[in-house]
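# Structural characterization, general
So you can see what is in the structure, the chains are spelled out below.
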Amino acid sequence: MLITKYGSLLRKYLARQRLLVLILSITLLSSVGLEILKPQILRNFIDMSIEGSTLQALMLTALIFFGTALLAHAVSVVVAYTGENVAWTATNELRSDLVEHCLHLKMSFHNLRTPGEMIERVDGDVTTLSNFFSLLVIGILGDCLLIGGVLIVLFAEDWRVGVCITLFILSALLLIASIWGKTAAYHWAYRQVVAEMTSFIEERLSGLEDIVANGGQGYLFQRLDSIIRERFRKLRKASFVGVIVINITNITVVTGTTVGLGIGAYLYFMGDVSVGSVYMIYHYTGVLVAPVWRIGEQLRDLQQATASITRIHELFEQPCGESCTVHATVPITDTDKRRTVVDTASIPSKLTAPPTVQFDEVSFAYPTSREISESTDKDSNDSDKADEHVLKNVSFTLPAGNVLGLLGRTGSGKTTISRLLFRLYEPTTGTIRLCEDDISHFSPVALRDQIGLVTQDVQLFHATLRDNLTFFNPVISDDAIRHALDQLSLTEWLAKQPDGLETMIRSAGGNLSAGEAQLIAFTRVFLKDPMLVILDEASSRLDPATEQLLEGAIDKLLDRRTSIIIAHRLTTIQRADQILILSDGSIQENGTSSELMADPNSYFYQLMQSVRTLS
């Protein structure tokens, strides 16, 4: 299984660099050939010296050896450079593929993993593999070729030498191989605790303001100390087993040298070999022991690579879409990403008119950590989880061009409706339609291009104001950006920015207020120009003056578009044509605002009356 994983990675990422791999193979074979040739030249030099050859012949032999050694070093530099180039190109492609794969995983997967853990998976594990692709693979492959070539030469010299050295090398390799596989678990555990520490630090740094304000520093350092101690314990165990491998390898080096000298001395006193041949046998034994020693070191690195490869394959094996949970109905797929979509022939790439939105008996439950960690259980009884459902048989129709006011207490399922519309999750049961078409027929990219969303939590990036407004889309012109800002009456605000659209925004929004961040979110929707707009508590962080400033812009945004306004405050849904009130995942009330207001027994009427009384 492990060899299969190694092989699949090598085939996929080295096949894309055929020319460099060919150059690497040629230089590697040349390096091995030169290493085998050098002892032969030394043997001739020694035998020629004993036989009384001329100084000119000895000098020529010495120059040949010097040239061969110099060429061998030059070739080894080419091997190292090419190997590193191949390795980093391969691992960068692997890193990109991992990021792309993670972007297509369902939100249920990401919800159970912290950003720090995902960073360690995508960057830390792949960086570990860079050594596997270069020094590890190239080193082990080159050493194996070197060992094979030397053994062939020794068998040609004397079959007794070949047999003895072969038995020694096989014994040494079997000894090392028998112990390195048992140590991989220690390195896997160490990589896991490193991921946990990265995650912990990332989360605490992002929440530093709240931690300091609420006096949580003591707990933070206590928890960090605990994680660091655990990391030290795991590292100590992993390092200890690595030292065992190195010590065994060192013993092998001494043993190999003794074997080489012993065989050479025996054959010399028997009169079967010359002094030069004895030195050659000794030298070849040293040449063979060095690869065994390097393999021992490389296997220590391979232990870490093994853990990384296992974790990378675990991530790749997470299926795109919701098929990793018992709630899988339709996998999230995308033709642009080489994945299958049910049918996109009848779906326009860009809606030109407001769509009708329909929910037909839609139920949904967020998958639990236990369900995601287990393999898909098709026999799972969903009725046992009825109390976990966030939405329960929700059905409604929002006509094209109308505004739906979505009300309900926290946890009633309002935001879940928007997530299902974006296909961040799939319904447990039921169907969602856009323009009479099941949204599962849309590719995610095409679907999300039809919908604009403004939430109370706005994601900003460490980039220019322009990039934050356009989501790094270079096609959008500066004139279009300024026109959108003008519609939002933000022209003066833009003029106050030190570098205009090129003003750098910190990722946490440290140089922008929460209200300014939401103004950026509104601008993004204007630039996107979708036919379906969702405002999820979009004005919750705006001060009264700014909110009043946006009133006209919101009217423009909702004009000739189908819209959903999710709100806790009743004052924010005065534009709604239709009211939908959720309670514990079920529809408590649904109707036009005028109908509900005309019915004194309606829950909406009573809510509005309470607001008027309080005001």
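For the structure, see preceding data.
Summary of the structure given here.

Rules used throughout
Position numbers for residues start from 1 in each chain and track the written sequence from start to end. Where totals are concerned, whole chains, interfaces and linings use all residues; where local detail is concerned, this predicted model gives features only for residues with pLDDT of at least 70, and gives and counts side-chain atom pairs only at 80 or more. The basis for every side-chain value is the complete set of non-hydrogen atoms in the structure, without hydrogens or water. By the criteria applied, helices consist of DSSP H or I runs no shorter than four residues and strands consist of E runs no shorter than two, each listed in order from the N terminus. Exposure is judged per residue with a 1.4 Å probe applied to protein chains only, and the accessible area is read against the type maximum: over 50% gives exposed, under 20% gives buried, and values in between give partly exposed. Throughout, a residue-residue contact means that at least one pair of heavy atoms, one from each residue, lies within 4.5 Å. The Shrake-Rupley method, run with a 1.4 Å probe, gives the accessible areas here. Residue values count only the displayed protein chains as cover. By definition, two strands form a pair when at least two bridges between them are found by DSSP. Patches here are clusters of residues that have more than 30% relative accessible area and form no salt bridge, with a 9 Å joining cutoff for like charges and a 5 Å cutoff for nonpolar side chains (Val, Leu, Ile, Met, Phe, Trp, Tyr). Whenever a carboxyl oxygen of Asp or Glu lies within 4 Å of a side-chain nitrogen of Lys or Arg, that contact is scored as a salt bridge. Working convention: axes come from line fits to C-alpha atoms, limited for helices to the stretch in contact. Angles between N-to-C directions cover 0 to 180 degrees. Should an angle fall under 35 degrees it is taken as roughly parallel, and over 145 as roughly antiparallel, whereas 65 to 115 is taken as roughly perpendicular and any remaining angle as oblique. Two helices that cross are described as forming a left-handed crossing if the nearer one is turned anticlockwise from the farther one by less than a right angle, and a right-handed crossing if clockwise. Three classes are used, and their members are as follows: Ala, Val, Leu, Ile, Met, Phe, Trp, Tyr, Cys and Pro are nonpolar, Asp, Glu, Lys and Arg are charged, and the others, Gly among them, are polar.

### Examining the overall build of the protein chain
- In terms of helices and strands, the protein chain carries 20 helices and twelve strands.
- Looking at the protein chain as a whole, 46% of its 615 residues qualify as buried.
- When contacts within the protein chain are restricted to residue pairs at least 6 apart in sequence, those whose partners lie at least 24 apart make up 80%.
- Split by element, the accessible area of the protein chain, about 30,200 Å² in all, is 59% carbon and sulfur.

### Comments concerning the pairing of strand S12 (residues 586-592)
- Two elements, strand S11 (residues 578-583) and S12, share six bridges in a ladder whose sense is antiparallel. The partner of Ile581 across the bridge, within S12, is Glu589.
- Joining the antiparallel neighbours S11 and S12 is a turn of two residues, in which Asp584 adopts a positive phi near 55°.

### Examining the environment of Asp536
- Considering the arrangement of structural elements, one finds Asp536 in strand S9 (residues 532-536).
- Sequence separation between Asp536 and Leu406 is 130 residues, and the spatial gap between their C-alpha atoms is 9.2 Å.
- With residues near it in sequence (within four places) discarded, Asp536 still touches Thr415, Ser418, Leu453, Val454, Thr455, Gln456 and Ile566.

### Let's talk about a nonpolar patch on the surface
- Together, Leu19, Leu22, Ile23 and Ile26 make up an exposed nonpolar region whose accessible area comes to about 390 Å².
- Along the chain, Ile23 falls in helix H2 (residues 18-51).

### Let's talk about the environment of Phe461
- You can see Phe461 is positioned in the loop between strand S6 (451-455) and strand S7 (463-464).
- With 45 residues separating them along the chain, Phe461 and Arg506 place their C-alpha atoms 6.5 Å apart.

### Quick word on the packing of H2 against helix H3 (residues 55-103)
- For the pair H2 and H3, the least separation of the axes is 8 Å and the interaxial angle reads 160°. Regarding the angle of H2 to H3, the classification is roughly antiparallel. Regarding H2 and H3, the two cross each other, and that crossing is left-handed.
- Residue composition of the contact of H2 with H3, grouped by class: 22 nonpolar, nine polar and two charged.

### Focus on the side chain of Thr61
- Along the chain, Thr61 falls in helix H3.
- Residue classification places Thr61 among the buried positions, given a relative accessible area of 11%.
- If near-sequence neighbours (up to four positions away) are discounted, Thr61 is found in contact with Ile41, Phe45 and Met48.

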